[in-house]
Amino acid sequence: MSDPEDDSSSDTDFEPSTLGTKEYWEDAYQKELETFADIGDVGEIWFGEESMSRVLRWMDRAKVPAEAAILDIGTGNGAFLVELAKHGRRNLTGIDYSVASVELARNVLRAEDLADVTVKEVDFLNCHGELKGFDVCIDKGTFDAISLNPNSSKEDKKLYVQVLKDALKDKGFFAITSCNWTKEQLLDRFREGLRKPSRWRMDGF
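Rules behind the numbers
Residues numbered from 1 in each chain as written. Predicted model: local features only at pLDDT ≥ 70, side-chain atom pairs only at ≥ 80, totals over all residues. Heavy atoms only, no water. Helix = DSSP H or I, 4+ residues; strand = E, 2+ residues; numbered from the N terminus. Buried < 20%, exposed > 50% of the residue type's maximum accessible area, 1.4 Å probe, protein only. Salt bridge = Lys/Arg side-chain N within 4 Å of Asp/Glu carboxyl O. Polar contact = N/O pair within 3.5 Å; in protein donor to acceptor, adjacent residues only side chain to side chain. Pairing = 2+ DSSP bridges. Right-handed = clockwise from strand over helix to strand, strands pointing away. Expected span 1.5 Å × (residues − 1). Contact = heavy atoms within 4.5 Å. Axes fitted to C-alpha atoms, helices over the stretch in contact; angles between N-to-C directions. Parallel < 35°, antiparallel > 145°, perpendicular 65-115°, else oblique. Left-handed = near helix turned anticlockwise from the far one by under 90°. Core = buried A, V, L, I, M, F, W, Y, C linked by side-chain atoms within 4.5 Å.

Within the secondary structure, Thr21 is located in the segment before helix 1 (22-39). With relative accessibility at 14%, the residue Thr21 sits in the buried group.

Encoded structure:
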């Protein structure tokens, strides 16, 4: 097995981008927040509705119980939390480092009469052990954003894996959707930290 930090392709397949900065997302979600207040449009669903459906089907096949504790990493507008709740998932938490995202997600959930879903302002890489005990962690683009951050380092990617490991229960599941990393790169990146590749779901676009 190759070490992802020694794999020359693992960190150089794409250039840094403002898409990886907190400022970009704060501005984007502030605009979506204002649009939602004006016309009720929740904004963009990253990777599309089909990506959410694939994860939901995978969870059904994996027989994840309805009461499982689920963490949506980088919840954005909260659209996936809404879909999870509509599919009978009852123990949901969404986190995002964007203040505007958290406000938007809470407003979207409230409009769907889902005020019991937890949404918190948390930076995944700087959560200081706050995230624990989850049966399922879902990432739809957050690891991509971290990888695109001009100020990101290889240590940030290692830290992501460690925080994920701490957040998941021993027999937990991890679902990741990425448009930047191949399946092989993701396996290299996460297998040593999690050691349960059979419990992953990966999508690439």
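This part is about the pattern of salt bridges. Inspection of every chain in the model, using the stated rule, returns nine salt bridges. A salt bridge links Arg90 to Glu67, with the nearest nitrogen and oxygen atoms 3.7 Å apart. Of this pair, Arg90 sits in the loop between helix 3 (79-86) and strand 2 (91-96) while Glu67 is found in the loop between helix 2 (48-61) and strand 1 (69-73), placing the two residues 23 residues apart along the sequence. Given a relative accessible area of 48%, Glu67 falls into the partly exposed group. In this structure, Lys120 engages Glu130 in a salt bridge whose closest nitrogen and oxygen atoms are separated by 3.4 Å.

Next up on the list: the environment of Ser178. Structurally, Ser178 is set in strand 5 (residues 168-178). Given the relative accessible area of 1%, Ser178 is considered buried. Expressed as a C-alpha distance, the spacing of Ser178 and Thr142, which sit 36 residues apart in the sequence, is 8.6 Å. Side-chain polar atoms of Ser178 contact the side chain of Asp144, separated by 2.7 Å.

Our next topic: the pairing of strand 3 (residues 118-121). Pairing of strand 2 with strand 3 involves four bridges; the strand directions are parallel. Counterpart to Asp96 in the pairing with strand 3 is Glu121. In the classification by handedness, the crossover that spans strand 2, the intervening helix 4 (residues 99-111) and the parallel strand 3 is right-handed.

Counting through the fold element by element, Phe174 comes out in strand 5. For Phe174, a relative accessible area of 1% puts it in the buried group.

Taking 1.5 Å of rise per residue, 13 residues should cover 18 Å, and helix 4 covers 19 Å from first to last C-alpha, within 8% of that figure. At its buried positions, helix 4 is contacted by helix 1, helix 3, strand 2 and strand 3. The N-terminus of helix 4 is capped by Ser98, whose side-chain oxygen sits 3.4 Å from the backbone nitrogen of Ala100. Positive phi shows up at Asp113, right after helix 4, with a value of about 60 degrees.

Packing of helix 2 against helix 3 brings their axes to within 11 Å, and their N-to-C directions diverge by 40 degrees. Relative to helix 3, the element helix 2 is oriented oblique. Pair helix 2 / helix 3 crosses with right-handed handedness. Between helix 2 and helix 3, the residues in contact are Met52, Val55, Leu56 and Met59 and Ala79, Phe80, Glu83 and Leu84, respectively.

If you look at the biggest cluster of nonpolar residues, it comprises 32 residues, and the most contacted ones within it are Met59, Leu84 and Ile138. Those elements giving two or more residues to this core turn out to be helix 1, helix 2, helix 3, helix 4, strand 4 (134-140) and strand 5. By residue number, the principal contributor to this core is helix 4, which donates six residues. Once you skip the residues sitting within four places of it in the chain, Leu84 turns out to touch Leu56, Met59, Ile70, Arg89, Leu92 and Ile138. Counting residues in each nonpolar core, the second largest holds 24 residues, with Leu125, Leu131, Leu164 and Leu186 among its members.

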